[in-house]
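A structural walkthrough
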Amino acid sequence: MLFVPAGIRQDGNNSETIKIRLMRIFLTIIGVFFLLAVAGGACVLGVFWHFGQDLPDYTQLADYEPEVMTRVHAGDGALIAEYAKEKRVFVPIEQIPRKVMNAFVAAEDQNFWTHPGIDFPSVFRAAVTNIANIGSGRRPVGASTITQQVAKNFLLTNEVSYDRKIKEAILSFRIEQAFSKQHILELYLNEIYLGRGSYGVAAAALRYFDKSLDELTVAEAAYLGALPKAPSNYDPVRDHDAAKGRRNWVIGRMLDEGYITDAEAQEAIASPLIGQDRESVDYYAHADYFAEEVRRELVDRYGENALYNGGLSVRTSVEPKLQTIANKVMYDGLVEYDRRHGWRGPLDKIDISGDWQKALEPVKAPNDVPWLKAVVLKLDGNDAVIGIENGKQGTIPFAEMKWARPWQKGQTVGGAVGKASDVVNPGDVVMVEAIKADDDGKAAENTYSLQQIPNVNGGLVAMDPHTGRVLAMSGGFSHDLSKFNRATQARRQPGSAFKPFVYLAALDSGFTPSSLVLDAPFVIDQGPGQGKWKPGNYSGKFYGPSTLRLGIELSRNLMTVRLAQTIGMDKVVNYAEKFGVVDSMPAVLSMSLGAAETTVLKLTNGYSELVNGGKKVTPTLIDRIQDRRGKVIYRRDDRQCAECQDVVYNGQTPPELPDNREQLADPASAYQIVSILEGVIQRGTGRRMRNLQFPLAGKTGTTNDSRDAWFVGFTPDLAVGVYVGFDDNRSLGGREQGASAAAPIFQEFMTHAMEGVTPVPFRTPPGIRMVRVDAKSGLPAQSGDNNVIWEAFKPGTIPERNDNVIDGGSPGVGSSGSSGNSDNGVSSPSGIY
């Protein structure tokens, strides 16, 4: 039997016991950890359950429609206006360049493509850093992923709290489960604010670099990627060094992530950071009145929310070349009129004993005219030394002040200017313009001309007479000074510019351009206590029997009244309304002289319907509107053309579209009016323009007491209307007429608009026969006649004799309806000359 010592048996038992005890401890620890994990998991689930109850519906991000700016373009595609609460241009992820996406991912969320919504390593690093920074006063370091920023920006608030962070994390997990990484990045890049009022990368690219996304360099993309952290701290001009340093850090991150090569990184770092305001060649900023009309139409059509948030793309009819001409001729014409009527004194008077530049700053002046604000510092002989708002000094020579004779009541002027102090004195605030040297066009050294902001105003409209498309519009001297659009909002009497519609009604009633109308005194008893209405010609003379043509060419009021009396005012009213000149016109004789109010746009459209052969057109400013996805939701020309779809042009004859314009008058009658209005230019009140080298027709208009001056006319393919007058309806001055105040503006516009355009004759409709006639009698010319013109006749209407003279019959009592001023109980005409 083998003997085993007791001590040895006891040690063996101890070893087994230790093992068992260790196993129990290990299992206990595992159990504790398991219980802790279960408890922790339960807590996490509880937190998720608690905070996940009232979370916003993240599925709405599937149909993301951000607030996108509406952009308005000219006919040639140039941008003329943007309307937005947040300046954002939405770009689908497929159209965002890879380098732009990489810049933001490298800078904001390097693990974006792999994490589930939360980047746990980044959260751990941020937690360690923040613990280390406790007590240092430093701002806590964040670890938000792009997905978390999407959750915060779209679904939560900017509240700084643990509650918001927990909700943000929960939403991030859910968003990652519901959407692709590409969709999440699309949301982020189109929503994020990047400074200078720009939302989204496309708007920021335009704002900072005046480029589209596909034009950005690596360095420029990196700069945009540097902005989300703090856009206001990295302005490329104000904070250039900090901005460049942050940009270079992003470039380094792009290199680290393998998005760019070493060579690309070095080139990007070496490139300068040049930010610029948006002043692109494709931006046209001089159509303020036109753009405002478009804005109002869009609001009326779709509402303000669609305008400012809907991302509409609007193509308008305005042509920048013609708009520039319109702005300049209106500006020049109003200044020329204003100078004729004298100097009204300085803008203001300031104390120049101290800092004159600081004292000058508060004085208001328009920003949309090519003038500078200045203060007279002293008089040097007959010259004025001035301090200009930009801090420079200069001189106004006496020769540039001689025009400034003092204004006097009634738009008259005082005596000639003898010395500088007759015009300005130290402390006077005035407007000046740099004088251009004659030889090279550059400004003369520190020499300026004295300017004055006109208190007269006006409106101009240019349009395509065949379509009604408005090509240019000026609503006044300065949009900055007055938003009131005198082309569309000012309702004024057109005076004799209305007469063509009276004569058109007569031609459609069987009269000819050679029909004789008596030019003699005409009196209407207006009823008890109202006196008698006695219209008269501008000249105050009477000319006896005269042809219809002469009635318009020489703007004879008495002939017009008799003609209207003969054909009946109901017919005149009908033509005025169907041509869109007046909406609702009383059937009284004074209306035939242009007493009914209209606008420049309406009257110009009416003249368009004369030159286009009597076809109805509607004035339009918008050609096409597309929604944010590019779908056309409005088109001006709604005619259908099946042959225009999916066609490749190979020199074939274009398809003919139907002409569905309403015929308002006999085309032959319309042409006869056009021919007569040509005579206005050649021999009548518009003869100052007879030397222009292209076909032109038109009519002056001046109302009672010269309150309104007009000229409306056309070439075969361009109709233009001009109005000049005071907003308070006072007289322009006793000698002012449409021929002096409005016609020069019209002439300048047409002269420049027709440069480079091949002239074409006015289009003659079928059946018209051109006959040589005696200009005075209207009868076919005979051998030896020396005052011969061409006249347009309809078939069978060429006169052989001219015995029948229209005298207007016997006018009835109370039928004048005159709105003119009364003088000794006798009303003067409402529309003259």
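An account of the accompanying structure is given in this report. (Residues numbered from 1 in each chain as written. Predicted model: local features only at pLDDT ≥ 70, side-chain atom pairs only at ≥ 80, totals over all residues. Heavy atoms only, no water.)

Concerning the overall build of the chain
Each helix and strand counted, the chain has 21 helices and 30 strands in total. Looking at the chain as a whole, 50% of its 833 residues are labelled buried. Residue pairs at least 24 apart in sequence account for 70% of intrachain contacts in the chain once pairs closer than 6 positions are excluded. In the structure as shown, the chain presents an accessible area of about 39800 Å², 51% of it carried by carbon and sulfur atoms. (Helix = DSSP H or I, 4+ residues; strand = E, 2+ residues; numbered from the N terminus. Buried < 20%, exposed > 50% of the residue type's maximum accessible area, 1.4 Å probe, protein only. Contact = heavy atoms within 4.5 Å. Areas by Shrake-Rupley, 256 points an atom, 1.4 Å probe, with all protein chains shown as cover.)

Comments concerning the packing of helix α15 (residues 499-508) against helix α17 (residues 557-567)
The description of two helices packed together rests on the angle between their axes and the distance between the axes. Interhelical geometry of α15 versus α17 gives an angle of 40° and a closest axis separation of 10 Å. Relative to α17, the element α15 is oriented oblique. Of the two elements, α15 crosses α17, and the hand of that crossing is left-handed. Across the interface between the two elements, Lys499, Val502, Tyr503, Ala505 and Ala506 of α15 pack against Asn557, Met559, Thr560, Leu563, Ala564 and Ile567 of α17. Taken together, the residues of the contact of α15 with α17 break down into eight nonpolar, two polar and one charged. (Axes fitted to C-alpha atoms, helices over the stretch in contact; angles between N-to-C directions. Parallel < 35°, antiparallel > 145°, perpendicular 65-115°, else oblique. Left-handed = near helix turned anticlockwise from the far one by under 90°. Nonpolar A, V, L, I, M, F, W, Y, C, P; charged D, E, K, R; others polar.)

Observations concerning the pattern of salt bridges
Going through the model one piece at a time under the given rule, you end up with 35 salt bridges. Note that glutamate 336 and arginine 340 form a salt bridge whose closest N and O atoms lie 3.9 Å from each other. Linking glutamate 336 with arginine 340, this pair stays in helix α13 (residues 320-340), spanning four residues, or about one helical turn. For glutamate 336, a relative accessible area of 47% translates into the label partly exposed. (Salt bridge = Lys/Arg side-chain N within 4 Å of Asp/Glu carboxyl O.)

Here we look at the environment of aspartate 235
With respect to the helices, strands and loops of the structure, aspartate 235 is situated in the loop between α8 (218-226) and α9 (240-256). Along the sequence, aspartate 235 and arginine 196 sit 39 residues apart, while their C-alpha atoms lie 8.6 Å from each other. In contact with aspartate 235, other than residues within four places in its own chain, are Arg196, Tyr223, His240 and Ala243. Reaching out from aspartate 235, the side chain makes a polar contact with the side chain of arginine 196 at a distance of 3.1 Å. (Polar contact = N/O pair within 3.5 Å; in protein donor to acceptor, adjacent residues only side chain to side chain.)

Quick look at unusual backbone geometry
Here aspartate 210, not a glycine, exhibits a phi torsion of approximately 55°, which is positive. If you trace the backbone, aspartate 210 turns up in the loop between α7 (201-209) and α8. Despite not being glycine, serine 555 has its phi angle at roughly 55°, a positive value. Structurally, serine 555 is set in the loop between α16 (548-553) and α17. Relative accessible area serves as the criterion here: at 2%, serine 555 is assigned to the buried category.

A closer look at the nonpolar core
Of all hydrophobic cores here, the largest spans 87 residues; its most connected members are Phe290, Phe579, Met585, Tyr607, Leu610, Leu677 and Phe714. Excluding residues that lie within four positions of it along the chain, leucine 677 makes contacts with Pro500, Ile552, Tyr607, Leu610, Ala697, Gly698, Lys699 and Phe714. Counting 60 residues, the second-largest nonpolar core is a separate cluster that includes Ile96, Ile192, Ala243 and Ile260. (Core = buried A, V, L, I, M, F, W, Y, C linked by side-chain atoms within 4.5 Å.)

Observations regarding helix α11 (residues 288-302)
Between its first and last C-alpha atoms α11 spans 21 Å; for 15 residues at 1.5 Å apiece the expected length is 21 Å, and the two agree. The complete set of buried residues in α11 reads Tyr289, Phe290, Ala291, Glu292, Glu293, Val294, Arg295 and Leu298. (Expected span 1.5 Å × (residues − 1).)

A look at the side chain of arginine 246
Secondary-structure assignment places arginine 246 in helix α9. With no salt bridge to any partner, buried arginine 246 finds its closest opposite charge in glutamate 108, at an N-O distance of 4.1 Å. Not counting residues within four places of it along the chain, the set of residues in contact with arginine 246 comprises Glu108, Ala226, Lys229 and Tyr234. (Lys, Arg positive; Asp, Glu negative; His and termini not counted.)

Some points on the sheet that holds strand β27 (residues 805-806)
Taken in spatial order, the three strands make up an open sheet running β19-β16-β27, and their pairing is mixed. At either margin of the open sheet sits one strand with a lone partner, and together these are β19 (544-547) and β27. (Pairing = 2+ DSSP bridges.)

Concerning the sheet that holds strand β20 (residues 622-626)
Ordered in space as β2-β1-β5-β20-β21, the five strands form an open sheet in which the pairing is mixed. In this open sheet, the two edge strands, each paired with only one partner strand, are β2 (79-83) and β21 (632-635). Taken pair by pair, the neighbouring strands of this sheet meet at an average axis angle of 15°, ignoring direction. Judged from the four bridges that link them, strand β5 (residues 313-316) and β20 form a sheet pairing that is antiparallel. Paired with arginine 315 across the two strands is arginine 624, which belongs to β20. Of the strands in this sheet, β1 (70-73), β2, β5, β20 and β21 touch α11, which is tilted by about 50° from β20.

With respect to the packing of helix α2 (residues 98-108) against α8
Relative orientation of the contacting elements α2 and α8 amounts to 45°, with a least axis distance of 8 Å. Viewed along their axes, α2 and α8 adopt a mutual orientation that is oblique. Classified by chirality, the crossing of α8 by α2 is right-handed. On α8, the residues touching Lys99, Val100, Ala103, Phe104, Ala107 and Glu108 of α2 are Val218, Ala221, Ala222, Leu224 and Gly225. A per-class count over the contact of α2 with α8 returns eight nonpolar, one polar and two charged.

Description of the packing of aromatic side chains
This structure, assessed with the given rule, holds 20 aromatic pairs. The interplanar angle of 70° and the centroid separation of 5.0 Å between the aromatic rings of phenylalanine 112 and tryptophan 113 together place this pair among those described as edge-to-face. For tryptophan 113, a relative accessible area of 31% puts it in the partly exposed group. Between phenylalanine 498 and phenylalanine 501, the aromatic rings sit 6.0 Å apart at their centres with planes inclined by 40°, giving tilted as the arrangement. Of the two residues, phenylalanine 498 and phenylalanine 501, both sit in the buried class. Taken together, Phe498, Phe501, Tyr575, Phe579, Tyr607, Phe714 and Phe762 form an aromatic cluster joined through their ring pairs. Sitting above the plane of the tyrosine 543 ring, arginine 556 keeps its charged end 3.9 Å from the centroid. (Phe/Tyr/Trp six-rings, centres within 6.5 Å; stacked < 30°, edge-to-face > 60°. Lys NZ or Arg CZ within 6 Å of the ring centre and 35° of its normal.)

Quick look at the side chain of lysine 181
The topology assignment puts lysine 181 in helix α6 (residues 181-191). Among the polar contacts listed, one links the side chain of lysine 181 to the side chain of glutamate 176, at a separation of 2.9 Å. Those residues in contact with lysine 181, other than ones at most four positions away along the chain, are Phe112, Trp113, Thr114, His115 and Glu176.

Such coordinate-based values are descriptive only and should not be taken to indicate function.
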